[in-house]
Amino acid sequence: MDIELRQLRCLVAIVDEGSFTDAAVALGVSQAAVSRTLASLERALGVRLLLRTSREVTPTGTGLRVVAHARRVLGEVDGLLREAASGHRRLRIGYAWSAVGRHTLAFQRRWAQTVPETELQLIRVNSATAGLAEGVCDLAVVRRPLDDRRFDSAIVGLERRLCALAADDPLASRRSVRLADLSGRTLLVDRRTGTTTAELWPSGSRPATEESHDIDDWLIMISTGRRVGITAESTAHQYPRPGVVYRPVRDAEPIAVRLAWWRDDPHPAAPAVIELLTALYRPE
């Protein structure tokens, strides 16, 4: 069964206009063409869709259901066409836990000032590619390398690693902590998008780990004092939480912040985003 969009448009036009004659005018075709197109649709579906008299055209019961489906299909297609036409006038940047931390607001404002013709949208997607592989975004901010050869990336900045602790944890009174201070604790990690694994510690002194799947669950568990976490400093700026404090881990390597894109289909705004984020992350 082959159903064509022109057939669906013809059916909807007949119902909306109320006659074959008016539908032909609306579609810019002949009345005979409207009749043939409707007949071909009815043959393809094997059902009668419209009842035609000398005075009016009315949908059958099945016709009403088909018209409703046709409207949805045509709406989706029109949306697809708008999306394709406006793709370069909108820029969707995905991120997993935090966007670009303390630079997020400045990035949004400077983008609006310097590239006003391209609307910027930040979208949180907790996946390994921050929504890039899923087609949710055009570019993605990620904090660990992407092994998938479909994507390319560039480092735009570095962030310190911070330890997240309950506010009443004994380590919370310190200005900073060391990895060794956490080796006997249970560490919450996000294996899909997180930047921390037990491999940060030397073999033989690694902490126990427990998996977390969402930033809110991660913060709730840490606030109880039963777990600790290590994260990029952007998390502290994006998610301040009563009962949770963040302390620098002074002997841990910093985290590289990357902007990623489809290797074969880069968004034309990618160079401008890289330039702006690199400037924001540049040490003062």
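In this text, all values refer to a predicted model and were calculated from it rather than measured experimentally.

1. Re empty space enclosed by the protein
Next up, step 1: Within this structure, the stated rule accounts for two cavities of 30 Å³ or more.
Next up, step 2: Put simply, the largest cavity is a space of about 270 Å³.
Next up, step 3: Secondary-structure elements contributing two or more residues to the lining of the largest cavity are strand S5 (139–142), strand S8 (186–189) and strand S10 (229–232).
Next up, step 4: Here the element with the most residues in the lining of the largest cavity is S10; it accounts for three residues.
Next up, step 5: Lining the second largest cavity, in full, are Ile93, Gly94, Tyr95, Ala99, Val100, Phe107, Leu122, Val141 and Leu277.
Next up, step 6: Looking at side-chain class alone, the lining of the second largest cavity contains eight nonpolar, one polar and no charged residues.

2. Here's the deal with the sheet that holds S5
Next up, step 1: Spatially, the five strands line up as an open sheet ordered S4-S3-S5-S12-S6, and their pairing is mixed. Two strands lie at the open edges of the sheet, namely strand S4 (119–124) and strand S6 (151–159), each paired on one side alone. Between one strand axis and the next, the sheet turns through 25 degrees on average, direction left out of account.
Next up, step 2: Where helix H5 (residues 104–114) meets the sheet, its contacts fall on strand S3 (90–95) and S4, and the angle it forms with S4 comes to roughly 155 degrees.

3. As for the sheet that holds S10
Next up, step 1: Reading across the sheet, the three strands line up as S10-S7-S11 and stay open at both edges, with antiparallel pairing between neighbours. Here the strands that pair on one side only, and so sit at the sheet edges, are S10 and strand S11 (244–248). Direction aside, the axes of adjacent strands within the sheet are offset by 35 degrees on average.
Next up, step 2: As paired elements, strand S7 (residues 161–166) and S11 share five bridges and run antiparallel to each other. Note that in S11 the partner of Leu165 across the bridge is Val245.

4. Details of helix H6 (residues 215–223)
Next up, step 1: Taken as a whole, H6 has its buried residues at Ile215, Trp218, Leu219 and Ile222. Projection of H6 onto a plane perpendicular to its axis shows the buried side chains occupying an angular sector of 95 degrees, all on one side.
Next up, step 2: On its buried side, H6 packs onto S4, S7, S8, S10, helix H7 (233–238) and S11.
Next up, step 3: After H6 finishes, the residue Gly225 shows a positive phi value of roughly 90 degrees.

5. As for the nonpolar core
Next up, step 1: Within the largest apolar cluster, 21 residues are counted, with the highest numbers of intra-cluster contacts made by Phe107, Trp111, Leu139, Val273 and Leu277.
Next up, step 2: Phe20, Ala23, Leu50 and Val66 belong to the second-largest nonpolar core, a separate cluster that totals 19 residues.

Conventions used here
Residues numbered from 1 in each chain as written. Predicted model: local features only at pLDDT ≥ 70, side-chain atom pairs only at ≥ 80, totals over all residues. Heavy atoms only, no water. 1 Å grid on protein atoms, 1.4 Å probe; cavity = no way out; pocket = protein on both sides within 12 Å on 5 of 7 lines; lining within 4 Å. Points joined across faces, edges and corners; volume = space filled by probe spheres on them. Helix = DSSP H or I, 4+ residues; strand = E, 2+ residues; numbered from the N terminus. Nonpolar A, V, L, I, M, F, W, Y, C, P; charged D, E, K, R; others polar. Pairing = 2+ DSSP bridges. Axes fitted to C-alpha atoms, helices over the stretch in contact; angles between N-to-C directions. Contact = heavy atoms within 4.5 Å. Buried < 20%, exposed > 50% of the residue type's maximum accessible area, 1.4 Å probe, protein only. Arc of directions from axis to C-beta. Core = buried A, V, L, I, M, F, W, Y, C linked by side-chain atoms within 4.5 Å.

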